[in-house]
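Structural overview
The chain contents come next:
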Amino acid sequence: MNNTNLEKTAESRPVSGTTVKVVYKKSVSSAVLTTVTWAASVLAVAILVFLVGFILVQGVGNLTPGLFSLEYNSDNVSLIPALINTLEMTGLSLLIAVPIGVCAAIFLVEYANNSGKVVGIIRITAETLSGIPSIVYGLFGMLFFTTALHWGLSVLSGAFTMAIMILPLIMRTSEEALKSVPDSYREASFGLGAGKLRTIFKIVLPAAMPGVLSGIILATGRVVGETAALMYTAGTVAQYAGPMDAGRTLALHMYVLSSEGLHMKEAFATAVVLLVMVLLINAVSSFFAKKLTKGQ
């Protein structure tokens, strides 16, 4: 009996050794993957800190009262007209793109058949539009809105061009946000006698609003930072612009200053203002997203 137990113990030793090796390999692989992910995270944060710090160091000292003058001239190169034009451009672009993008997402999620050909065509089209370079959008806007429709170089031409550019982003993020809403919400609403349209706008859409808002904020950041498309559609005039007037945005203003090479200090100062503007937009969006999430 003792011999049998010894033989069984001896036979089991290679198995336990193999198990130890497998566990050791898994632990080593896990440690390596953990190290790589931590290193990648630290590198990403370090790059962000370096970029922000470099811009702040180069630009904060060059912020002067002349940059915030109400009127632009060659001496003060004021950024206030460009800042106002940026707000106008962003507002018009979102006013055009958000209703279309959100309604398209509602159609794809709530009404269309997910396996249908129409849905496939819409999604392929959205993905294709997302991958088109911004300079191509600028050329299209110049040929269609500026030339064919005779709108000329104007804020309206730039806003419609930017609306087409950000439409796929808003549509896809809104679609994913609507998909994340549990079906139990819809079933409960239908069980209480609510119709399809009322369920969508009273139950589903409010629950998905934080995700929709995230897509809108991403689209806002793209409009604020765009230069190539607006150069061909909105123009580079440094003045306050109405919807049918030409005017430069803040990012385009910074590009023009840096390309001329005569106002590099002012260009860095403009970069600081643009950076602060983007940070404020993200902070405000995060605040409202948390408020909406808590309200559910």
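Look up: the structure comes first, before these words.
Counting restarts for each chain: residues are numbered from 1 in the order of the written sequence. Under the rules for a predicted model, residues below a pLDDT of 70 receive no local features and side-chain atom pairs below 80 are neither given nor counted, while totals for whole chains, interfaces and linings still include all residues. Computation of side-chain values covers all heavy atoms of the structure but excludes hydrogens and water.

Another aspect to go through is the overall build of the chain. Across its full length, the chain holds 10 helices and zero strands. A run of DSSP states H or I qualifies as a helix once it reaches four residues; a run of E qualifies as a strand once it reaches two. Both are numbered from the N-terminal end. Counting from the amino terminus, the chain carries its helices and strands in the arrangement α-α-α-α-α-α-α-α-α-α. Summary of the burial criterion: residues with accessible area below 20% of their type's maximum are buried, those above 50% are exposed, and those between are partly exposed, where the area comes from a 1.4 Å probe applied to protein chains only. The burial tally for the chain puts 34% of its 296 residues in the buried class. Taking the intrachain contacts of the chain between residues at least 6 apart in sequence as the baseline, contacts between residues at least 24 apart amount to 73%. Areas reported here follow the Shrake-Rupley algorithm with a probe of radius 1.4 Å; residue values treat only the protein chains shown as occluding. When the accessible area of the chain is evaluated, it comes to approximately 16900 Å², of which 70% is carbon and sulfur surface. Whether two residues touch is decided by their heavy atoms; if any such pair falls within 4.5 Å, the residues are in contact.

A helix is expected to span 1.5 Å multiplied by its residue count minus one. Under the 1.5 Å per step criterion, the end-to-end length of helix α4 (residues 134-148) is 20 Å for 15 residues, consistent within 8% with the ideal 21 Å. For α4, the principal kink sits at Gly141 and spans about 30°. At its buried positions, α4 is contacted by α3 (117-131), α5 (155-179) and α8 (228-233). Where α4 ends, the next residue or the one after it, His150, has phi of about 60°, a positive value. Fitting axes to the seven residues ending at a residue and to the seven starting there, one defines the bend at that residue as the angle between these axes.

Moving on to the packing of aromatic side chains. Aromatic contacts are taken between Phe, Tyr and Trp rings whose centres are within 6.5 Å, Trp giving its six-membered ring; a plane angle under 30 degrees counts as stacked, one over 60 as edge-to-face, and the others as tilted. By the definition in use, this model includes eight aromatic pairs. Pairing Phe140 with Phe144 gives two aromatic rings, centres 5.6 Å apart and planes at 10°, and the pair type is stacked. One end of the pair is Phe140 and the other is Phe144, both in helix α4 and four residues apart, which spans about a single turn. Directly above the aromatic system of Tyr111 lies the positively charged group of Lys196, at a separation of 5.6 Å from the ring centroid. Look at NZ for Lys and CZ for Arg. If either is within 6 Å of the ring centre and within 35 degrees of the ring normal, a charge sits over the ring. Residue placement shows Arg248 over the ring face of Tyr72; its charged tip is 5.7 Å from the ring centre.

Taking 1.5 Å of rise per residue, 25 residues should cover 36 Å, and α5 covers 35 Å from first to last C-alpha, within 8% of that figure. Helix geometry: α5 is bent most strongly at Ile166, by close to 40°, with proline Pro168 lying one to four residues after it.

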